Amino acid sequence: MAQIKKYKPIGGITAAELFTVGDKVGAEELIAGQGVAVALVDDGSKYEEVASADATLVSVQHTLTLCSDRQLAAAWFDEGFLQHAATEGLAARVSLATGEELLLGYSERFGFEQALRLKSLSFSSGSSPNDSPRVVLTLAACDTDSAIK
C-alpha cells in the first residue's frame, strides 16, 4: 500500500534589505542594518531570474518583487528613496525561505553599474473585507551573471 506523504514546498522571501549604491564601490560596503528593511507580508514577495541568449550573448534578467503592508512600507514612498531607485539603483540582500541569502544588484563583472532599478511601486486597498491594504515594490536589473551560486 502506498503511503501518502504530506509535502509543502518552501519558497518565497522572508526578508530583504535595500541599499542605495551611488557612492558604494564594493559589496563589502553593504552593511546589515544600514539599508532600508521593511517587514514583508507572508506571501507575495519573490525573486525571479531568467537567463536568455540572443545569438551568442547571454543576459540574465533579475526581478525582485517585495510585498508589504501599507503602514510598514512608508520608507518605500520616500521621494529621495524612489528617485535613487529610479536613477542610480539599489542593491538588495535577500533571505529566501530555503535559508539561502542572495545579493542582488551587484556582480563581480559590473559592480553596481547594473543595479536594481525601480520598475513599479503599487498600492492596492484590496477588493474584499478580508484583503488588507498592500504595497508592492518591483525592482529589476539585467546583467550577465546569475545571483544563485
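For the structure, check the block above.
Residues numbered from 1 in each chain as written. Predicted model: local features only at pLDDT ≥ 70, side-chain atom pairs only at ≥ 80, totals over all residues. Heavy atoms only, no water.

Regarding the packing of aromatic side chains
Okay, step 1: Here the structure, examined in full by the defined rule, presents 1 aromatic pair.
Okay, step 2: Here Tyr106 and Phe112 contribute two aromatic rings whose centre-to-centre distance is 4.9 Å and whose plane-to-plane angle is 55°, an arrangement assigned as tilted. Assigned by exposure class, Tyr106 and Phe112 land together as buried. (Phe/Tyr/Trp six-rings, centres within 6.5 Å; stacked < 30°, edge-to-face > 60°. Buried < 20%, exposed > 50% of the residue type's maximum accessible area, 1.4 Å probe, protein only.)

Quick look at the sheet that holds strand β1 (residues 13-20)
Okay, step 1: The 4 strands are arranged β2-β1-β5-β6 in an open sheet whose pairing can be described as antiparallel. A strand with exactly one partner marks an edge of an open sheet, and here the two such strands are β2 (36-37) and β6 (101-104).
Okay, step 2: Two elements, β1 and strand β5 (residues 90-96), share 7 bridges in a ladder whose sense is antiparallel. If you follow Phe19 over to β5, its bridge partner there is Ala91.
Okay, step 3: Most of the contacts of helix α1 (residues 79-87) go to β5, to which it runs at about 95°, and overall it touches β1, β2 and β5. (Pairing = 2+ DSSP bridges. Helix = DSSP H or I, 4+ residues; strand = E, 2+ residues; numbered from the N terminus. Contact = heavy atoms within 4.5 Å. Axes fitted to C-alpha atoms, helices over the stretch in contact; angles between N-to-C directions.)

Quick word on the side chain of His62
Okay, step 1: With respect to the helices and strands, His62 occurs in strand β4 (residues 57-69).
Okay, step 2: Overall, the relative accessible area of 6% leaves His62 in the buried class.
Okay, step 3: In this structure the side chain of His62 is engaged in a polar contact, spanning 3.1 Å, whose partner is the backbone oxygen of Asp145.
Okay, step 4: Contact partners of His62, with chain neighbours within four places excluded, come to Tyr47, Glu48, Glu49, Leu139, Ala140, Ala141, Asp143, Asp145, Ser146 and Ala147. (Polar contact = N/O pair within 3.5 Å; in protein donor to acceptor, adjacent residues only side chain to side chain.)

Brief notes about the pairing of strand β8 (residues 134-143)
Okay, step 1: β8 sits mainly inside the fold: 7 of its 10 residues count as buried.
Okay, step 2: As defined by bridge partners, β4 adjoins β8 across 10 bridges and the pair is classed as antiparallel. By the bridge assignment for β8, Thr65 is matched with Thr138.

Note that every value here comes from positions in space, so none of it alone points to a role or purpose.
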